[in-house]
Amino acid sequence: MKLRWFASYGPAFVLAVALLALWELAVRADLSLAQFLPSPSMIVQALSLNWGAIYENTIPTLLETVLGMFVATALGLLLAMLLDLSSWSRRAIYPLLIISQTIPIVALAPLLLIWGGIGIGPKIVVVTLYCFFPIAVATADGLESAEPDLLKLLKSMGASRWQILWLVRLPGSLPSFYSGLRIAATYSVTGAIVGEFVGAYQGLGIYMETSTNSHAIPVVFATIVVTAILSLALFALVNLLERLTLPWYHASRVQAGERLAYSGRFLR
Amino acid sequence: MPRLVLEGVSKSFRQGRQLLPVLQPLDLEVEQGEFVSLIGPSGCGKSTLFNIIAGLEQPDSGSLSIDGDASPRRTGKTGYMPQQPLLLPWRTVEENVLLGLDVRRVPRRQALERARELLKHFGLADFAQHYPATLSGGMRQRVALLRTVLFNSQFLLLDEPFGALDALTRLSCQMWLLNLWQEVHASVLFITHDVREAILLSDRIYIMSARPARILRVVRVDLERPRHADQLAESRAVQLEQELVSLLVKEQAL
């Protein structure tokens, strides 16, 4: 198990360490560079020196992110079901969905601030806008991908439309739903940061902004590191959730992987 | 009363402006407890015929009755099994077997009880808690067959259930099916490409022509029951096999 873990993440780990070392060396070789680009060690130092403030600002950002994800999931699932209702509703809703994604949310954020005030509400809206689309599209595709012969089998049993949805299509779409949720998780923290950038009482976004304005560049980098860790943690949480709720899916994938590895050793 | 009676059933499909005949008017009968096979060249319309019998499509003309009932709402009156096992990967074997009872809204506890009983009776109890992904091809087909039987044990429509299996697995599945058929006293209509399979399993065989399909011939298989693979070497069986193969070769398009 440990070996397999290293086999999959090892190369990325080695590359990351090499890049960080290179970065550190470059900054140390030319210290005038440090004014604009702090070295990794300076970033770590800034993180530990400002930990109290960073921690305090992480909590509201995390809250906005998680609440936004919940709203986005509900909205995404609802839209997926609406898309799936009939070919007519699909043709009506799908183009509008895509158009909604062409709107630059960065431009929308200040407007949301004007409409909704400086509180948590508009931030949740921004996170939702970033996250609902991948969930809706992935789930709708999952619903559509049900095996036609399987639907035929259920019809031959006299199953109703709702029974087919409940017994076959919804459970079958869950792996796709989780793919969408994974993408949404990586967007979500960015969404909260964007929402805070234009104005907030507290949060990593506004903290980053004020640090930039006071030229505390290592602190900005330290905040970026925290943001990245937050995103990764959410991503991992979605993966964990998937494993817990879809044990069958994980089992069948491991099996398929083993079969592949067996039939072609070169894949390793 | 026969289980199934088809009289003059025909079907055409519209392809662009053309009307493409798939089934010429044909008659077919399955008695109670009888095992009947349909053989024909690929693409001859056997699956369309099954869709009609299962109630997924309606014939253009002719009449069709199951147990004397000619109503067009036939879904649920047959146990239809498509070529692929189509097991639900998120359900364990026992949960897959009871799928039909879920459709009939049988309470889960009662359904589980019946599924387990059936699995035990036909030697699959050890696999009840497994997911389909961990089963071999032959096992999946057996589970799919039990799912069909638990939904409707009166009348089974089996569409080439063993077509994708290797020869040995196929033989053991055939024997297992014969045992199942005798235990539950089902009527079976069985589609196959394989003349030997049809001879080994059936009471009667309908031979169909290339599209548009009609019945070329009906033969009765006079081999003793219970059947076993050795009987295929008997002179009656060999003769019948040669006869059917030469009939089918003429129908097979290049």
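Cut-offs applied
Residues numbered from 1 in each chain as written. Chains lettered and ligands numbered in written order. Predicted model: local features only at pLDDT ≥ 70, side-chain atom pairs only at ≥ 80, totals over all residues. Helix = DSSP H or I, 4+ residues; strand = E, 2+ residues; numbered from the N terminus. Buried ≥ 20, exposed ≤ 12 C-beta atoms within 10 Å, placed from the backbone. Rg over C-alpha atoms; globule rule 2.2 N^0.38 Å. Contact = placed C-beta atoms within 7 Å. Nonpolar A, V, L, I, M, F, W, Y, C, P; charged D, E, K, R; others polar. Domains from an automatic or database assignment. Axes fitted to C-alpha atoms, helices over the stretch in contact; angles between N-to-C directions. Parallel < 35°, antiparallel > 145°, perpendicular 65-115°, else oblique. Left-handed = near helix turned anticlockwise from the far one by under 90°. Pairing = 2+ DSSP bridges. Core = buried A, V, L, I, M, F, W, Y, C linked by C-beta atoms within 7 Å. Right-handed = clockwise from strand over helix to strand, strands pointing away. Expected span 1.5 Å × (residues − 1).

Asker: I keep staring at the overall build of chain A and nothing clicks. Help me out?
Answerer: In terms of helices and strands, chain A carries eleven helices and zero strands. Reading chain A from its N terminus to its C terminus gives the helix and strand order α-α-α-α-α-α-α-α-α-α-α. Along the three orthogonal principal directions, the C-alpha set of chain A runs to about 75 × 55 × 30 Å. Every one of the 268 residues in chain A was classed for burial, and the buried ones make up 32%.

Asker: Explain the overall build of chain B to me, please; I cannot follow it from the model alone.
Answerer: Helices and strands together make up the secondary structure of chain B, namely eight helices and nine strands. What you see for chain B is a C-alpha radius of gyration of 18 Å, in line with the 18 Å of a compact globule of 254 residues. If you line up chain B on its principal axes, its C-alpha atoms span 50 × 45 × 35 Å. Evaluated residue by residue, chain B yields a buried proportion of 40% over its 254 residues. In chain B, of all internal contacts separated by at least 6 residues, the share reaching a separation of at least 24 is 71%.

Asker: Teacher, can you tell me more about unusual backbone geometry here?
Answerer: Residues and elements named next belong to chain B. Following Arg211, the chain continues to Pro212 via a peptide bond in cis, the omega torsion being -5°. Within the fold, Pro212 resides in the loop between strand 8 (204–208) and strand 9 (215–220). That bond from Arg225 to Pro226 is cis: its omega, -10°, falls within 30 degrees of zero. Mapped onto the elements of the fold, Pro226 is located in the loop between strand 9 and helix 8 (235–251). You will see that Asp67, though not glycine, has its phi angle at about 50°, which is positive. The residue Asp67 is located in the loop between strand 4 (61–66) and strand 5 (79–81) in this model. A positive phi angle, near 60°, is found at Arg105, a position not held by glycine.

Asker: Can you walk me through the interface of chain B and chain A in this structure?
Answerer: Interface extent is often summarised as the accessible area lost during association of the parts. In this complex, chain B contributes 19 residues to the contact, which on the side of chain A involves 20 residues. Per-element accounting of the side of chain B that touches chain A gives the leading share, three residues, to helix 3 (residues 99–103) of chain B. Split by residue class, the side of chain B that touches chain A holds twelve nonpolar, six polar and one charged.

Asker: Please explain the environment of Gly45(B) as it appears in this structure.
Answerer: Residues and elements named next belong to chain B. Locating Gly45 in the fold gives a position in the loop between strand 3 (35–39) and helix 1 (46–54). Look at Gly45 and you get buried, because 25 C-beta atoms sit within 10 Å. Measuring from C-alpha to C-alpha, the distance between Gly45 and Leu23 comes to 6.5 Å, with 22 residues separating the pair along the chain. Apart from the residues within four sequence positions on either side, Gly45 is in contact with Val22, Leu23, Arg211, Pro212 and Ala213.

Asker: Before we go on, may I ask you to explain the domain arrangement of chain B in this structure?
Answerer: All names here are of chain B. When its domains are assigned, chain B resolves into domain 1 (4–78 + 153–251) and domain 2 (85–151). Inter-centroid distance (C-alpha atoms) of domain 1 to domain 2 is 25 Å. Opposite the 13 residues of domain 1 that make contact, domain 2 presents eight residues. Element by element, the count of residues in the side of domain 1 that touches domain 2 is highest for helix 6 (residues 167–184), at seven residues. Of the residues contributing to the side of domain 1 that touches domain 2, the split by class is ten nonpolar, three polar and no charged.

Asker: Please clarify how the packing of helix 5 (residues 137–151) of chain B against helix 6 of chain B should be interpreted in this entry.
Answerer: Angle between the axes and distance between the axes: these two values describe a pair of packed helices. All names here are of chain B. Look at helix 5 against helix 6: their axes get within 10 Å of each other, and the N-to-C directions meet at 15°. Considering the angle they form, helix 5 stands roughly parallel to helix 6. In this structure, helix 5 meets helix 6 at a crossing whose hand is right-handed. Residues Gly137, Gly138, Gln141, Arg142, Leu145 and Val149 of helix 5 form the contact with helix 6, whose own contacting residues are Thr169, Ser172, Cys173, Trp176, Leu177, Leu180 and Val184. Taken together, the residues of the contact of helix 5 with helix 6 sort by class into seven nonpolar, five polar and one charged.

Asker: Please clarify how the sheet that holds strand 5 of chain B should be interpreted in this entry.
Answerer: Strand pairing in a sheet relies on backbone hydrogen bonds. The paired strands run either parallel or antiparallel. Residues and elements named next belong to chain B. In spatial order, the strands read 5-6-7-3-8-9; together these six strands make up an open sheet with mixed pairing. Two strands bound the open sheet, and with one partner strand each, they are strand 5 and strand 9. Here the strands of the sheet are splayed against their neighbours by 15° on average, with no regard to which way each runs. Taken together, the five bridges between strand 6 (residues 155–159) and strand 7 (residues 187–192) define a ladder with parallel strand orientation. In the sheet register, Phe155 faces strand 7, and the bridge partner there is Ser187. Where helix 5 meets the sheet, its contacts fall on strand 5 and strand 6, and the angle it forms with strand 5 comes to roughly 160°.

Asker: Help me understand the nonpolar core, please; the structure alone is not making it clear to me.
Answerer: If you look at soluble globular proteins, the nonpolar side chains tend to sit buried side by side. The biggest cluster of nonpolar side chains holds 69 residues, and the ones touching the most others in it are Val97(B), Leu146(B), Leu150(B), Leu157(B) and Val188(B). Per element, the largest residue contribution to this core is seven residues, and it comes from helix 5 of chain B. Of the residues that make up this core, three or more belong to each of domain 1 (4–78 + 153–251) and domain 2 (85–151) of chain B. In contact with Leu150(B), not counting residues within four places along its chain, are Val97(B), Leu98(B), Gly100(B), Leu101(B), Arg114(B), Ala115(B) and Leu118(B). Counting residues in each nonpolar core, the second largest holds 46 residues, with Ile43(A), Met69(A), Val189(A) and Leu204(A) among its members.

Asker: I tried to follow the environment of Val143(B) on my own but got confused; where do I start?
Answerer: All names here are of chain B. Residue position: Val143 is located in helix 5. Residue class for Val143 comes out buried when judged on the 24 C-beta atoms lying within 10 Å of it. Measuring from C-alpha to C-alpha, the distance between Val143 and His121 comes to 13 Å, with 22 residues separating the pair along the chain. Residue contacts for Val143: discarding those within four places in its chain leaves Pro85, Leu87, Val93, Asn96, Val97, Leu124 and Leu135.

Asker: I'm lost on the pairing of strand 7 of chain B in this one. Help?
Answerer: Regular strands place side chains that alternate from one sheet face to the opposite one. All names here are of chain B. Along strand 7, six of the six residues are buried, which leaves the element largely enclosed by surrounding structure. Side chains of strand 7 alternate between two faces, with Ser187, Leu189 and Ile191 and Val188, Phe190 and Thr192 buried alike. For the segment spanning strand 6, helix 6 and strand 7, crossover handedness is right-handed.

Asker: Would you explain helix 4 (residues 87–102) of chain A in this entry?
Answerer: Because the α-helix completes a turn every 3.6 residues, residues three or four places apart line up on one side. For helix 4 of chain A, with 16 residues, the first-to-last C-alpha span of 23 Å sits near the 22 Å given by 1.5 Å per residue. Summarising burial for helix 4 of chain A: zero of the 16 residues are buried, a small minority.

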